[in-house]
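Close look at the chain arrangement
Take a look at the letters that make up each chain.
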Amino acid sequence: WKGPLRKVDEWRWLIPRDYKKGMRTDGLIYASERMIRDIRKDQAPEQVANVACLPGIVGKSLAMPDIHWGYGFPIGGVAATRVEDGVISPGGVGFDINCGVRMLVTSLEEKEVRPVLDRLLRVLFRNIPSGVGSEGRISFSVSELRKVMEQGAQYIVKRGWGLPEDTECTEEQGAMPGANPDKVSQKAIERGKDQLGSLGSGNHFLEIEVVETVFRPDVAEMFGLFKSQVVVMIHTGSRGFGHQICTDSLNVMQSAMRKYGISLPDRQLACAPFNSEEGKAYFESMVCAANFAWANRQLITHWVRESFEEVFGKSAQELGIRVLYDVAHNIAKLEEHEVEGEKAKVVVHRKGATRAFGPEHPVLPQRYRNIGQPVLIPGDMGTGSFVLVGTERAMQETFGSTCHGAGRMMSRSEADRRSRGRDIAQEMEAKGVLVLAESKATLREEIPEAYKDVSQVVEVVDRAGLSRKVVYARPLGVIKG
Ligand code: 5GP
Ligand code: MN
Ligand code: MN
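The sections below set out a description of the structure shown in this document. (Residues numbered from 1 in each chain as written. Chains lettered and ligands numbered in written order. Predicted model: local features only at pLDDT ≥ 70, side-chain atom pairs only at ≥ 80, totals over all residues. Heavy atoms only, no water.)

**Things to note about the coordination of the manganese ion (ligand 3)**
Looking at the metal site, the manganese ion (ligand 3) is ligated by Asp96 (OD), Cys99 (SG) and His204 (NE2), spaced 2.1 to 2.3 Å from it. Sequence spacing among the residues donating to the manganese ion (ligand 3) works out to D-x2-C-x104-H. Between the manganese ion (ligand 3) and the manganese ion (ligand 2) the interatomic distance comes to 3.7 Å, and Cys99 is a ligand of both metals. You can call Asp96 buried: its relative accessible area is 15%. (Donors = N, O, S within 2.8 Å, 3.2 Å for Na, K, Ca; no water. Buried < 20%, exposed > 50% of the residue type's maximum accessible area, 1.4 Å probe, protein only.)

If you want it as structure tokens, here you go:
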């Protein structure tokens, strides 16, 4: 990409609004000088400029350092539109609605887990379905599925698969309001019905990690994190259910564009006014998928607890297994933010971006109210993950948002080409990371080199003040679909 990137400071790069006809605001990319070279390798910055053309956009069209090319919006993009006269765009959410991350903490230390790691990973692999088109272990009726759409993870807890405190430490308490199952197609229900409680494939994973570095001991302590502690990270979303809901909405949005006379530089930015029939229908079905995803991560949590109980011969409670937090990183949210000095209701699109609310925000659970929310940032299977904490600065600058991962640097096909003939599981084992996967091809598409360096990504958001590093956790064992 050859367009203009005006350096604002060490961590901020501006795409001025006069770069392209139709831009209603500036674009702003958070990155270091070193990362900018990679960011220019694909057309993601052009997508930042395109998003700046959306009707009703407020603030800037934002992009995090893990930015890369995506459908319409870049992955790593954040855009807020006014509820009153702005649009909602499915491309600003993504196909995997409420793809997100949940972290479980334990009271176990590395030395207690190492000796049984192989067995633990195998038990988890057996208990948690994974792979392309994987199906859950429980079959849900259509009426039960409607409850999942409306009550999300809370419904799963009510059925006995989890604890009330699990949903307290989940974004939206695991049940976002506004679901309308009547707006969900039969096809989506058909695809989703048997997939609840499954990991899926590719980028989705379950990882056993050990806290290696503590950056902010005071915050770590309040989060219940300590050095050598074993934690579990779960990354999955709404499976075929959310994918179908997104697909269904795209056709509707194409005709809504004509109907409302909206023209944009990329047809993948298809959208409708938030307050239109089409906009509302998408939002209400998107909420159904978001709740499905929280239910999915909740059911998997239950099987993680059962697996640990089996291997350690102790109850999950004795093992201290607790949900640290659960974040969505592909979602549109109705939120109140300060816009030009006044409180305004906006639709915040976070596509490959994580909410990072700071201290004292009223939606945070009591436990984190004084500190800010935990932010969960996976890196890659060879590197592990970071936990950060949300900030007031993010509230002012990015509608309370930060990055969501390392971000891809190579396409799947390029990663596949570069890893031909290699045994990735064996390479990982040589690095001290045990890997189990349904498919060898998936592992090759997921090689660590396919991703950016997550420590550079979190360094940028930390230094820019959008969220602060709390701990880094190194991987011990990974399950991939
Ligand atoms: P996305 O949902 O956008 O594909 O992925 C979120 C992030 O997860 C990616 O940007 C990547 O940094 C990270 N990631 C993908 N696979 C793994 C894995 O196996 N382990 C860890 N720790 N992170 C991963
Ligand atoms: Mn994801
Ligand atoms: Mn996903």
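**Here we look at the site of ligand 1**
Around ligand 1 sit 20 residues, and of these Asn203, Glu207, Gly379, His404 and Ala406 come closest. One of the backbone nitrogen or oxygen atoms of Gly379 is found 2.4 Å away from an oxygen atom of ligand 1. Contact with the protein chains hides 93% of the accessible area of ligand 1, taken as 510 Å² for the molecule alone. Those elements that provide at least two residues to the shell around ligand 1 are strand S8 (205-214), strand S15 (374-380), strand S16 (384-390) and strand S19 (467-480). Counting residues per element, the shell around ligand 1 draws most heavily on S15, at three residues. (Near = heavy atom within 4 Å. Polar contact = N/O pair within 3.5 Å; in protein donor to acceptor, adjacent residues only side chain to side chain. Areas by Shrake-Rupley, 256 points an atom, 1.4 Å probe, with all protein chains shown as cover. Helix = DSSP H or I, 4+ residues; strand = E, 2+ residues; numbered from the N terminus.)

**Some thoughts on the coordination of the manganese ion (ligand 2)**
Surrounding the manganese ion (ligand 2) are the protein donor atoms Cys99 (SG), His235 (NE2) and His329 (NE2), at 2.1 to 2.3 Å. All donors of the manganese ion (ligand 2) belong to a single chain; written as a sequence motif, their spacing is C-x135-H-x93-H.

**Quick word on the sheet that holds strand S3 (residues 27-30)**
Across a sheet, paired strands are connected by hydrogen bonds in the backbone, their directions being either parallel or antiparallel. Judged by pairing direction, the sheet is mixed, and its seven strands sit side by side in the order S1-S2-S3-S4-S5-S13-S12 without closing on themselves. Of all strands in the sheet, those with a lone pairing partner are strand S1 (6-9) and strand S12 (330-339), marking the two edges. The mean angle between the axes of side-by-side strands here comes to 25°, regardless of whether they run parallel or antiparallel. Here S3 pairs with strand S4 (residues 57-68) via three bridges, running parallel. The partner of Leu28 across the bridge, within S4, is Leu62. (Pairing = 2+ DSSP bridges. Axes fitted to C-alpha atoms, helices over the stretch in contact; angles between N-to-C directions.)

**A look at the side chain of Glu446**
Secondary-structure assignment places Glu446 in the loop between helix H14 (440-445) and helix H15 (454-463). Residue Glu446 is classed as buried on the basis of its relative accessible area, which comes to 1%. At 2.9 Å, the side chain of Glu446 and the side chain of Lys480 are in polar contact. Contact partners of Glu446, with chain neighbours within four places excluded, come to Gly202, Asn203, Met381, Arg408, Arg412, Tyr451 and Lys480. (Contact = heavy atoms within 4.5 Å.)

**A look at the environment of Ala179**
Note that Ala179 resides in the loop between helix H6 (164-168) and helix H7 (186-192). Of the residues examined, Ala179 reaches a relative accessible area of 21% and is grouped as partly exposed. The sequence separation of Ala179 and Ala289 amounts to 110 residues, and the corresponding C-alpha distance is 8.7 Å. Apart from the residues within four sequence positions on either side, Ala179 is in contact with Met149, Glu150, Glu284, Val287, Cys288 and Asn291.

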